[in-house]
Amino acid sequence: MLKSILNPFRRSYNSEELNLFGFLQKVRLFERLSYEEMALFVPYLYLRQYKNEEAVFFRGDPSHALYIIKSGEIALNIDVKDKFEELSRIYPGDAFGDNTVIESATRIFTSVVVSDNAELYVIPQVNLLQIMNDNTVIRAKVMTSFAEIYNAYSANLVKSYRNHFGFFDLSLAYKRR
């Protein structure tokens, strides 16, 4: 039986990088990526601090970055007239603003910190798209995960409609421009 031969040219990673890769593998958009593929994103992971009730972005803002929660909680809200209605809360390991993989997209909800503090990794869209454009394998993996995420959103929307039939017009969700 042949034993694995140590490849002296293969990059090794320090414990900090390995911990970061373990964290990123739990993020849906990155779950299919190898360590070598994730390493391409590391120079563009900017850790930002946010405080309670601080908005990360507002509905209608350009989708210029992907956010990954390292610590804290974020509420995803829609604005109805002059009030916000909470759609969901997300927690460490969750990503949001994932429509940044679509060029020229805008935010469809407002995100607000609802814990005392939050630490978020921010990946600028320009860097994310550059990596995906330069590496078709990474692009295919990320876009497959993105499609699965949006398929789950659609399934949840239809399930909610079935459970609350008649309270909103589902055809509006599939309206063409």
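Before going into details, it helps to say that this report is about the structure given with it.

In this section: the sheet that holds strand β3 (residues 65–71). Spatially, β1-β8-β3-β6 is the arrangement adopted by the 4 strands of the open sheet, whose pairing is antiparallel. Bordering the open sheet on either side are β1 (46–51) and β6 (95–96), each of which pairs with just one other strand. Strand direction decides the pairing type here: β1 and strand β8 (residues 117–124), joined by 6 bridges, are antiparallel. When the sheet's bridge partners are listed, Q49 is paired in β8 with E119.

Further remarks concern unusual backbone geometry. Even without glycine at this site, E53 takes up a positive phi of about 70°. As for its placement among the helices and strands, E53 is situated in the loop between β1 and β2 (55–57). A positive phi angle, near 70°, is found at S104, a position not held by glycine.

For the coordinates displayed, the defined rule picks out 11 aromatic pairs. A ring pair is formed by Y13 and Y35, whose centres lie 6.4 Å apart and whose planes are at 85°; its orientation type is edge-to-face. Of this pair, Y13 sits in the segment before α1 (15–24) while Y35 sits in helix α2 (residues 35–39), placing them 22 residues apart in sequence. When its relative accessible area of 16% is taken as the criterion, Y13 is described as buried. Between F30 and F41 the ring centres are 5.1 Å apart and the planes differ by 75°, which places this aromatic pair in the edge-to-face class. Of this pair, F30 sits in the loop between α1 and α2 while F41 sits in the loop between α2 and β1, placing them 11 residues apart in sequence. In this pair, the class of F30 matches that of F41, namely buried. An aromatic cluster of three or more residues is present, and its members are F57, Y67, F96 and F109. Lying over the aromatic face of F57, R107 brings its terminal NZ or CZ to 4.1 Å of the ring centre.

Basis of the calculations
Residues numbered from 1 in each chain as written. Predicted model: local features only at pLDDT ≥ 70, side-chain atom pairs only at ≥ 80, totals over all residues. Heavy atoms only, no water. Pairing = 2+ DSSP bridges. Helix = DSSP H or I, 4+ residues; strand = E, 2+ residues; numbered from the N terminus. Phe/Tyr/Trp six-rings, centres within 6.5 Å; stacked < 30°, edge-to-face > 60°. Buried < 20%, exposed > 50% of the residue type's maximum accessible area, 1.4 Å probe, protein only. Lys NZ or Arg CZ within 6 Å of the ring centre and 35° of its normal.

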